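# Breakdown of the fold
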Amino acid sequence: LLNSSIKPGSTISSLPTKLTLSFSEPLLKIDGKIVNWIRVTDPKQKLIANQSVTAIDRLSVEISKSQGLKGIYKVTYRAVAEDGHTNSGSFTFTLK
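The rules behind these values
- Residues numbered from 1 in each chain as written.
- Predicted model: local features only at pLDDT ≥ 70, side-chain atom pairs only at ≥ 80, totals over all residues.
- Heavy atoms only, no water.
- Pairing = 2+ DSSP bridges.
- Helix = DSSP H or I, 4+ residues; strand = E, 2+ residues; numbered from the N terminus.
- Phe/Tyr/Trp six-rings, centres within 6.5 Å; stacked < 30°, edge-to-face > 60°.
- Buried < 20%, exposed > 50% of the residue type's maximum accessible area, 1.4 Å probe, protein only.

### Points about the pairing of strand E7 (residues 58-62)
- Direction of pairing for strand E3 (residues 18-22) relative to E7: antiparallel, over a ladder of five bridges. Bridge pairing in E7 links Lys18 to Glu62.
- Both strand E6 (residues 53-55) and E7 contribute to a ladder of three bridges, which runs antiparallel. Its bridge partner being in E7, Ala55 is matched across the sheet by Arg58.
- Taken together, E6 and the strand that follows it, E7, pair antiparallel across an intervening segment of two residues, in which Ile56 is found at a positive phi of about 45 degrees.

### Comments concerning the packing of aromatic side chains
- Taken as a whole and judged by the stated rule, the model has two aromatic pairs.
- Taking the centre distance of 6.0 Å and the plane angle of 55 degrees together, the rings of Phe23 and Tyr77 count as tilted. With Phe23 in the loop between E3 and strand E4 (37-41) and Tyr77 in strand E8 (residues 71-80), the pair connects residues that are 54 residues apart, well separated along the chain.
- With relative accessibility at 4%, the residue Phe23 sits in the buried group.
- Considering the side-chain rings of Tyr73 and Phe93, the 5.2 Å spacing of their centres and the 10 degrees angle between planes classify their relative orientation as stacked. In this pair, Tyr73 is assigned in strand E8 and Phe93 in strand E9 (residues 86-95), connecting sequence segments 20 residues apart. Of the two residues examined, Tyr73 and Phe93, each falls in the buried class.

Next up, the structure:
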C-alpha cells in the first residue's frame, strides 16, 4: 500500500464519499471474479462500503454516508498484483 485517500490512524471531520488505495504495482483483474476488494465498517461494525473498483494500480470504493456516526471506522483490503503476490491489511480512522 503506497497511499490512501484517508490516512491510516487519522482523525477526520467529514466522511468522504469515496476511498482510494494506491499500490506500487499493477493489480490483477479477472473478468467475473472479485480478486481485489476494500471493505469499510462504521463504529457499530456495519458494512458501509464493499463494492470496489480496480483500476491499474489502485482500488476505489464508494462510502455510504447514511449514518455518519462519530467514532472509529475500519478499512480492510486485499489487493493482488499482476505477478500474483497479495497485499492485504487493515487500518482505522476516526470521524469526529
